[in-house]
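# Structural overview
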Amino acid sequence: MTTPPPHIEIDGVPAADPELLATLMSGFGHFTAMQVRDGRVRGYGLHVDRLDRATRELFGQGIDGEHVRRLLTDALRRAGRRDATARVYVYGGGAGGGFAGSSGDSGGVRLVVTVRDPASPSETPQRLKSVDYWRPAAHIKHLGGFGQAYFGEAARREGYDDALLTSRDGEIAEGAVTNIAFWDGTSVIWPSAPALTGITMALLEPLLGSLRRRVTLADLPGMRAAFVTNSRGIAPVGGIDEVTFAVDEKLMGRVHEAYASVPWERI
C-alpha cells in the first residue's frame, strides 16, 4: 500500500510539493557553504569530500560529486551569477527523491542548492561573548543549529558581534558560525575541543604551521591576538568578553597571504 503524501498548507495555500517540504521541515541533514567567484571556489574538493563523509554518516550512502557539480553549475546559470554565496543541503530522501548516486527510490537523499549574493567578511575586529554551549556532533555541519542561532542573537543584542562556544569550565571550541584561532606570539593555535573543521580553517591550518591544543577563557590574557574564519573568509578578533586584543597587522597579513595562495577550483 502506498502511503499518501502529507497535506501541508502555507498561509492557507496547499504546498506545491508537500513531500519535499516535509523533508526540509524535518531539520535532519547537513550542508556546506561556499563563496563562488567567476565560477570557482577555494577548496571546492574539500566541500565535496565533506558532503560525502557526512552523507555516509547520516544516511549510510555516499554522494556523487559530479551530480553535486551539475546541480551547482545549473543553479548558478539559472540565477545568472558567476559570483555568489552558494549552499548545498543534503536531506534524507522521500519518495522520488533519489539523488547522489542512489537508485532513485525512497532510500536516496535529496539535495537542495541555494544561490545568493556574494559575501565578504567584516573588516571590523569582532567582539565575541562566551556562552556555555557546544554543538552536538560538532564535526558535522548539520542543520537544526538552534543553540548557535539563539546564543548568537543574544550576543548581538548585548552589543557583541557573535557568540563564542565554550564548555561549563571555560574550554573554547568555536564561534557560533566560525572557527577561531589564537596567536601566542610564537604559534597559531586552534582549540582542540570538538568543533567543525571549516573549509577555510582546513586550508589555512597547514599553511600557517599551526597547532591544536586546549584553550580556555583563562588562557586569553596570555594570547597576543585572535582571528575567526568561515566560508566568508577571515576577520580579526578585537575582544572576547572583557579581554581585548590589538589587531596584529603582521599576523593578519601572513594569514591573508596564506589564504590568497590557495588556488580557486572550477566547479
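Residues numbered from 1 in each chain as written. Predicted model: local features only at pLDDT ≥ 70, side-chain atom pairs only at ≥ 80, totals over all residues. Heavy atoms only, no water.

### Section: the pattern of salt bridges
Close approach of charged atoms allows side chains of opposite charge to pair. All told, the structure shown has 14 salt bridges when counted by the stated rule. The salt bridge involving D52 is made with R56; its shortest N-O contact spans 2.9 Å. Taken together, the residues D52 and R56, both in helix α2 (residues 44-59) and 4 residues apart, mark about one turn of the helix. Here D52 falls in the buried class, since its relative accessible area comes to 18%. Note that K129 is salt-bridged to E158, the shortest N-O span being 3.6 Å. Highlighted residues: K129 in strand β7 (residues 126-132) and E158 in the loop between α4 (146-157) and β8 (162-166), separated in sequence by 29 residues. With relative accessibility at 24%, the residue K129 sits in the partly exposed group. Through salt bridges that share partners, D38, R40 and R82 make up one connected network. (Salt bridge = Lys/Arg side-chain N within 4 Å of Asp/Glu carboxyl O. Helix = DSSP H or I, 4+ residues; strand = E, 2+ residues; numbered from the N terminus. Buried < 20%, exposed > 50% of the residue type's maximum accessible area, 1.4 Å probe, protein only.)

### Examining the packing of helix α5 (residues 199-207) against helix α6 (residues 249-260)
At their nearest, the axes of α5 and α6 sit 9 Å apart, and the two run at 110° to each other. Put simply, α5 runs roughly perpendicular to α6. Side by side, α5 and α6 meet where T200, L203, L204 and L207 of the first sit next to V255, A258 and Y259 of the second. Split by residue class, the contact of α5 with α6 holds 6 nonpolar, 1 polar and no charged. (Axes fitted to C-alpha atoms, helices over the stretch in contact; angles between N-to-C directions. Parallel < 35°, antiparallel > 145°, perpendicular 65-115°, else oblique. Contact = heavy atoms within 4.5 Å. Nonpolar A, V, L, I, M, F, W, Y, C, P; charged D, E, K, R; others polar.)

### Structural notes on the sheet that holds strand β6 (residues 109-116)
Across the sheet, 3 strands lie side by side as β3-β5-β6; this open sheet has antiparallel pairing. At either margin of the open sheet sits one strand with a lone partner, and together these are β3 (29-36) and β6. Across the sheet, the mean angle separating the axes of adjacent strands is 15° when strand polarity is ignored. Sheet topology places strand β5 (residues 84-92) next to β6; 8 bridges connect them, and they run antiparallel. Looking across to β6, one finds that Y89 is bridged to V112. Against the sheet, helix α1 (residues 18-25) makes contact with β5 and β6, and its axis sits at roughly 80° relative to β6, the strand it touches most. The sheet strands contacting helix α3 (residues 65-79) are β3, β5 and β6, and the helix crosses β6 at an angle near 35°. (Pairing = 2+ DSSP bridges.)

### Quick notes on the packing of α2 against α3
At a minimum axis distance of 10 Å, the contact between α2 and α3 shows a crossing angle of 120°. The two elements α2 and α3 meet at a crossing, and its hand is right-handed. Residue-level inspection shows Y44, V48 and L51 of α2 in contact with α3, the latter providing G65, V68, R69 and L72. Residues belonging to the contact of α2 with α3 are distributed by class as follows: 5 nonpolar, 1 polar and 1 charged. (Left-handed = near helix turned anticlockwise from the far one by under 90°.)

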